[in-house]
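Spelled out, the chains give:
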Amino acid sequence: MMGSMRSAILGYLVATALLFPAKGRAANFNQRLAEARQQYFADLQGNHAAAAQARASFAALSRDYPGNPVVDAYSGSLELLDAARTWAIWDKRRLADEGLAKMDQAVTRAPGDLETRFIRAASTWHLPFFYKRREQAADDFSYIAPRAEAAVAKGTLPPELAAAALDYYGQVLIDRSDNHGAKQAFEAAVRVDSSSPAGRDALKRLRTE
């Protein structure tokens, strides 16, 4: 009897030891990703100090979590951003090609990951026409939009990114002359996160209709 009890306790302790490090690792990743994500968007908004921080944070995440599609998507987007900012003509195309390839590979590995798709779509939406990425970005937004609100509810997509995807999707639908669908997308963006930049943009678009 005592032997069976000791075996049961030992089994429980082993299972707990295996479970909690995994949970702790996931929590650590999510916290670090949230911080790196914040730095990334601060960089996009012109915070020069955040630019170096974002690159250092995603480089560290890439080293510690190799092959993670979300991390690779952000890393590729940063390379694309570096391509836009560099004065070295010989580096522009190389950085752009490497960044695009990294984002494409991330989406290929995790086609159902909404944040990965969003980063690729938002990064390529405004690229010059000769990159031929506009339709791909539109397809990515079209994939994300009907899943965005549920993903926010489940905690798998930050609300500000869901709102941005819906705001972009509304613009896609306007380009396709679907004004009713665009209105629904903008309303969903406001519903998801009215205080985010995308939520405010969607509200402005609704008021000008």
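To keep things clear, this report deals only with the structure shown in the data block.

The rules behind each value
Residues numbered from 1 in each chain as written. Predicted model: local features only at pLDDT ≥ 70, side-chain atom pairs only at ≥ 80, totals over all residues. Heavy atoms only, no water. Helix = DSSP H or I, 4+ residues; strand = E, 2+ residues; numbered from the N terminus. Buried < 20%, exposed > 50% of the residue type's maximum accessible area, 1.4 Å probe, protein only. Polar contact = N/O pair within 3.5 Å; in protein donor to acceptor, adjacent residues only side chain to side chain. Contact = heavy atoms within 4.5 Å. Salt bridge = Lys/Arg side-chain N within 4 Å of Asp/Glu carboxyl O. Phe/Tyr/Trp six-rings, centres within 6.5 Å; stacked < 30°, edge-to-face > 60°. Lys NZ or Arg CZ within 6 Å of the ring centre and 35° of its normal.

**Structural notes on the overall build of the protein chain**
Right, so step 1: Helix and strand content of the protein chain: nine helices and zero strands.
Right, so step 2: Relative to its full complement of 209 residues, the protein chain shows a buried share of 43%.

**Re the side chain of R133**
Right, so step 1: With respect to the element layout, R133 can be found in the loop between α5 (114–124) and α6 (134–154).
Right, so step 2: Overall, R133 belongs to the buried group, its relative accessible area being 14%.
Right, so step 3: Within the structure, the side chain of R133 is placed 2.7 Å from the side chain of D104, a separation counted as a polar contact.
Right, so step 4: Not counting residues up to four positions away in its chain, the partners in contact with R133 are L100, D104, R120, T124 and L127.

**With respect to the pattern of salt bridges**
Right, so step 1: Inspection of every chain in the model, using the stated rule, returns 21 salt bridges.
Right, so step 2: Measuring nitrogen to oxygen at the nearest pair gives 3.4 Å for the salt bridge that ties E98 to R94. Within this pair, E98 and its partner R94 are both found in helix α4 (residues 89–109), separated by four residues, close to a single helical turn.
Right, so step 3: Looking at E98, the relative accessible area reads 35%, which means it is partly exposed.
Right, so step 4: Between R191 and E149 there is a salt bridge, and its shortest N-O distance comes to 2.9 Å. You can see R191 sitting in helix α8 (residues 179–193) and its partner E149 sitting in helix α6, a full 42 residues away along the chain.
Right, so step 5: The exposure class of R191 is exposed, given its relative accessible area of 53%.

**Observations regarding the packing of aromatic side chains**
Right, so step 1: For the structure on display, the rule yields 10 aromatic pairs.
Right, so step 2: Relative to F130, the ring of F129 lies with its centre 5.8 Å away and its plane at 75°, an arrangement referred to as edge-to-face.
Right, so step 3: Relative to Y168, the ring of F141 has its centre 4.5 Å away and its plane inclined at 10°; by these criteria the two rings are stacked. Pair noted here: F141 is in helix α6 and Y168 is in helix α7 (residues 159–175), with a separation of 27 residues, a long-range link. There is no split in this pair, since F141 and Y168 are both buried.
Right, so step 4: Connected via pairs of aromatic rings, a cluster forms that spans Y40, F41, F58 and Y74.
Right, so step 5: The ring of Y143 has R117 sitting right over it, with the charged end atom 4.1 Å from the ring centre.
Right, so step 6: One cation-aromatic arrangement involves R147 over Y143; the distance from NZ or CZ to the ring centre is 3.8 Å.

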